[in-house]
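Geometric and topological summary
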Amino acid sequence: MTGPDHEFAYAGNISIRSWIMQRCHGWTVSDIKQLSPAEQWRFYTILSFLTAGYIRLDKDHQASPATPGSNVLPVELAQPFIGIAAGLGMPPVMTYTAYVLINYMLKDPRGPLTRENLQSIFRFYELPDEEHFRQVHVCCEIAAAAAIRAAFTALEAARSGDRAVVLTSLKAMQVGITEIMVEMGKMRKGCDPKVFFQPIRIPLGGWPERMGGVIFKGVPGMPEPYISGGASGTQTTTIPVLDAALGIGHVDGNAEFMADQVAKMPPAHRLFLAKIISMAKDGGNLQTFAMSTKDSHIINAYAACVDAMHGFRKAHQAFVSTYILRQMPSAEQSQPAAPQGTGDRALLGS
Ligand code: HEM
């Protein structure tokens, strides 16, 4: 693992262990509480990378072979990770939050929030593909901001019956959703599917059951092993917020998986999503409102948003095929139960 504001370079499990021992051994939960919130999130990100690297990668940055005992996190990593994660209300595993949402900085702090001015803070590899993969996600999040703002305004306007504002907000939502898709479409320009499949996605996979989960040494009360999927786009709040506002539901059978993904969002994002869901229930979602108006302009603007969301999902499904399913050894491709996403769910059902 490397990062511009870190003096150490990842050189295998041994150096990680000694690095963390020097700095974190003996840290207690009350030491962690002395940190400012920003420092706590930074520390959470560092530990997310260190623990994922420790368990999932060998010294050559390749997937670690699953040897007996290779899923045990030493106390020097386990205790601070559990302490910081619990304090922040986050799970002790690599999340989209740590990998994407809080893992970028501006090259020029006074410059704009644009791709050219973005740089990751931490990364597993010195691979431009990894940098590009993460930046495309960050740019999707940036693009989503306008759609989210418009969704909130539209829901408020629907509640007060302000048709004109609902109409302009729906149009803004559609532009925003299309923008997310445009950003996502840039993935192929800098992230080779082969490189994504191996090695980029390896340390993102968390502590899944099929790899025996992970044992947090020296942390009483933790399940042994602790099982959890890792970082996944399902942990973005943006798409679920837009779904909720538009009244787009999920297929049956996804509820448990989705609840787990929501638990991996930052607490403030969870609260915001819950607020949007409750606004959409109380005042009616935008579908209910659009239909109730019988106004063709509003209904068409609503339908354009749903089409844009459908377009996003179609384009996204093509990425899942190109970057995961087609990269699997052919024997695995023919086994429907085998392909898994980094969020630890069978892919063919997604
Ligand atoms: C190489 C590109 C990508 C691949 C291979 C990929 C892979 C996946 C996979 C396998 C899932 C299923 C859940 C899991 O098990 O993890 C998923 C879900 C999801 N991903 Fe991606 N993803 C990619 C890019 C993106 C981007 C750029 C976004 C934009 C924010 C995104 C947003 C989502 C969302 C919102 C879900 C939840 C499913 C849904 O709401 O339709 N993904 N992704």
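Parameters and conventions
Residues numbered from 1 in each chain as written. Predicted model: local features only at pLDDT ≥ 70, side-chain atom pairs only at ≥ 80, totals over all residues. Heavy atoms only, no water. Near = heavy atom within 4 Å. Polar contact = N/O pair within 3.5 Å; in protein donor to acceptor, adjacent residues only side chain to side chain. 1 Å grid on protein atoms, 1.4 Å probe; cavity = no way out; pocket = protein on both sides within 12 Å on 5 of 7 lines; lining within 4 Å. Sits in = over half its atoms within 2 Å of the grid points. Helix = DSSP H or I, 4+ residues; strand = E, 2+ residues; numbered from the N terminus. UniProt positions renumbered as here; feature names shortened; annotations may be inferred. Buried < 20%, exposed > 50% of the residue type's maximum accessible area, 1.4 Å probe, protein only. Expected span 1.5 Å × (residues − 1). Contact = heavy atoms within 4.5 Å. Core = buried A, V, L, I, M, F, W, Y, C linked by side-chain atoms within 4.5 Å. Points joined across faces, edges and corners; volume = space filled by probe spheres on them. Nonpolar A, V, L, I, M, F, W, Y, C, P; charged D, E, K, R; others polar.

Close to the ligand lie 23 residues; S232, T234, R313, H316 and G343 are nearest. Between H316 and the ligand, the recorded distance is 2.8 Å, taken from a side-chain N or O atom to a nitrogen atom. Under a 2 Å grid-point criterion requiring more than half of the atoms, the pocket assigned to the ligand is the largest pocket. A total of five residues in the shell around the ligand trace back to one element, the largest contributor, which is helix α13 (residues 296–323).

Bringing the UniProt feature "binding site: heme b" (unreviewed entry) in the chain into the picture now. Taking the UniProt record as the reference, the feature "binding site: heme b" (unreviewed entry) is found at H316. With respect to the element layout, H316 can be found in helix α13. According to the relative accessible area criterion, H316 is partly exposed, its value standing at 36%.

This part is about α13. For α13, spanning 28 residues, the distance from its first C-alpha to its last is 40 Å, which sits close to the expected 40 Å at 1.5 Å a residue. Those residues of α13 that fall on the buried side of the exposure criterion are I298, A301, Y302, C305, A308, M309, F312, F319, V320, S321, T322 and Y323. Summarising the contacts, the buried residues of α13 are in contact with α7 (163–184), α8 (193–200), α9 (238–246) and α12 (286–293). Capping the start of α13 is the job of one residue whose side-chain oxygen sits 2.8 Å from the backbone nitrogen of H297: D295.

Going from Q198 to P199, the amide bond is cis rather than trans, its omega being 20°. Looking at where P199 falls in the secondary structure, it is placed in helix α8. Between E224 and P225 the backbone carries a cis peptide bond, its omega angle lying at -5°. Tracing the backbone shows P225 in the loop between β5 (215–216) and β6 (228–229). Phi at K294 is positive, roughly 55°, even though this residue is not glycine. With respect to the helices and strands, the residue K294 is situated in the loop between α12 and α13. K294 gets classed as exposed once you look at its relative accessible area, which sits at 71%.

Counting 96 residues, the largest nonpolar core has Y99, L170, M173, F216 and L286 as its most contacted members. Among the elements that take part in this core, helix α6 (residues 128–160) stands out by supplying 15 residues, more than any other. Setting aside residues no more than four positions away along its own chain, L286 makes contact with A154, L155, A158, L170, M173, A245, L246 and Y302.

This part covers the side chain of R134. With respect to the helices, strands and loops of the structure, R134 is situated in helix α6. For R134, a relative accessible area of 1% puts it in the buried group. The contacts of R134, once residues within four sequence positions are left out, are F49, Y99, V100, N103, S120, F122 and R123.

Taken as a whole, the largest pocket holds about 1,200 Å³ of empty space. S232, G233, T234, H316 and V320 are the residues nearest the centre of the largest pocket, which is lined by 45 residues in total. Broken down by secondary-structure element, the contributors of at least two residues to the lining of the largest pocket are α5 (96–101), α6, α7, α9, α10 (255–262) and α13. Take the lining of the largest pocket: its biggest share by element is seven residues, from α13. Its residues placed into classes, the lining of the largest pocket shows 25 nonpolar, 15 polar and five charged.

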